[in-house]
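Take a look at the letters that make up each chain.
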Amino acid sequence: QVQLVESGGGLVQAGGSLRLSCAASGRTFSTYAMGWFRQAPGKEREFAAAISRRAGKTYYADYADSVKGRFTISRDNAENTVYLQMSSLKPEDTAVYYCAAKAGWATKNGNDYDYWGQGTQVTVSS
């Protein structure tokens, strides 16, 4: 069982930055792939970014086209935390952001993820 708690959301002006954090419980955090998803009002949940469990000395990251080049996902296994650094924010990035964990490979499909946090609100004003 993994419990996830997001933090770091808030209100920011367009062009600004925020860093989201997701703290995980449990001693097996390093074995999980982690993802960030978001859901805007009236829209379906969508993939934002994912990061693999470590493969040798490397982590693999993947991004939605809409955030590529602006968002960076990272993880600190010693701290059981995954981060989402968001830069050059746009009003269309406004959403509730959720982190999620799954065993095995990282994917873009939220239905593949086993554990979810409660979400943190990000609002970008124009």
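Bear in mind that the values here come from a model prediction, so they are computed numbers and not experimental data.

Engineer: Describe the overall build of the chain, with residues and values.
Structural biologist: In terms of helices and strands, the chain carries 0 helices and 11 strands. Of the regular secondary structure in the chain, the N- to C-terminal order runs β-β-β-β-β-β-β-β-β-β-β. Relative to a compact globule of 126 residues, whose C-alpha radius of gyration would be 14 Å, the chain shows 14 Å and is just as compact. Principal axes of the C-alpha set define a box for the chain whose edges measure 40 × 25 × 25 Å.

Engineer: So what's going on with the packing of aromatic side chains? Which residues, and what values?
Structural biologist: According to the stated counting rule, one finds 6 aromatic pairs in the structure shown. Both rings, one in Tyr98 and one in Trp116, keep their centres 6.5 Å apart while their planes meet at 75°; by these two values the pair is edge-to-face. Within this pair, whereas Tyr98 is found in strand β9 (residues 95-103), its partner Trp116 is found in strand β10 (residues 115-116), the two being separated by 18 residues in sequence. Members of the aromatic cluster, each reached through a chain of ring pairs, are Phe37, Phe47, Tyr98, Tyr113 and Trp116. In this arrangement the basic side chain of Arg45 is found over the ring face of Phe37, its NZ or CZ atom lying 5.9 Å from the centre.

Engineer: Lay out the pairing of strand β5 (residues 46-51) in plain terms, naming residues and giving numbers.
Structural biologist: When you tally the buried positions in β5, you get 5 out of 6 residues, the bulk of the element. Bridging between strand β4 (residues 32-39) and β5 involves 5 bridges; their strand directions are antiparallel. When the bridges of β5 are listed, Phe37 appears paired with Phe47. What sits between the antiparallel neighbours β4 and β5 is a turn of 6 residues, in which Gly42 has the positive phi angle 75°. In this structure, β5 lies alongside strand β6 (residues 61-63), joined through 3 bridges in antiparallel fashion. Residue Ala50 lies in a different strand from β6, and its bridge partner there is Asp62.

Engineer: Give me the sheet that holds strand β1 (residues 4-7): which residues, what numbers.
Structural biologist: The strand order across the open sheet built from 4 strands is β1-β3-β8-β7, with neighbouring strands paired in antiparallel fashion. Each edge of the open sheet carries a strand with a single partner, namely β1 and β7 (71-76). Averaged over all pairs of adjacent strands, the angle between strand axes in this sheet comes to 15°, irrespective of strand direction. By the bridge criterion, 4 bridges tie β1 to strand β3 (residues 18-24) in an arrangement that is antiparallel. Note that in β3 the partner of Val5 across the bridge is Ala23.

Basis of the calculations
- Residues numbered from 1 in each chain as written.
- Predicted model: local features only at pLDDT ≥ 70, side-chain atom pairs only at ≥ 80, totals over all residues.
- Heavy atoms only, no water.
- Helix = DSSP H or I, 4+ residues; strand = E, 2+ residues; numbered from the N terminus.
- Rg over C-alpha atoms; globule rule 2.2 N^0.38 Å.
- Phe/Tyr/Trp six-rings, centres within 6.5 Å; stacked < 30°, edge-to-face > 60°.
- Lys NZ or Arg CZ within 6 Å of the ring centre and 35° of its normal.
- Buried < 20%, exposed > 50% of the residue type's maximum accessible area, 1.4 Å probe, protein only.
- Pairing = 2+ DSSP bridges.
- Axes fitted to C-alpha atoms, helices over the stretch in contact; angles between N-to-C directions.

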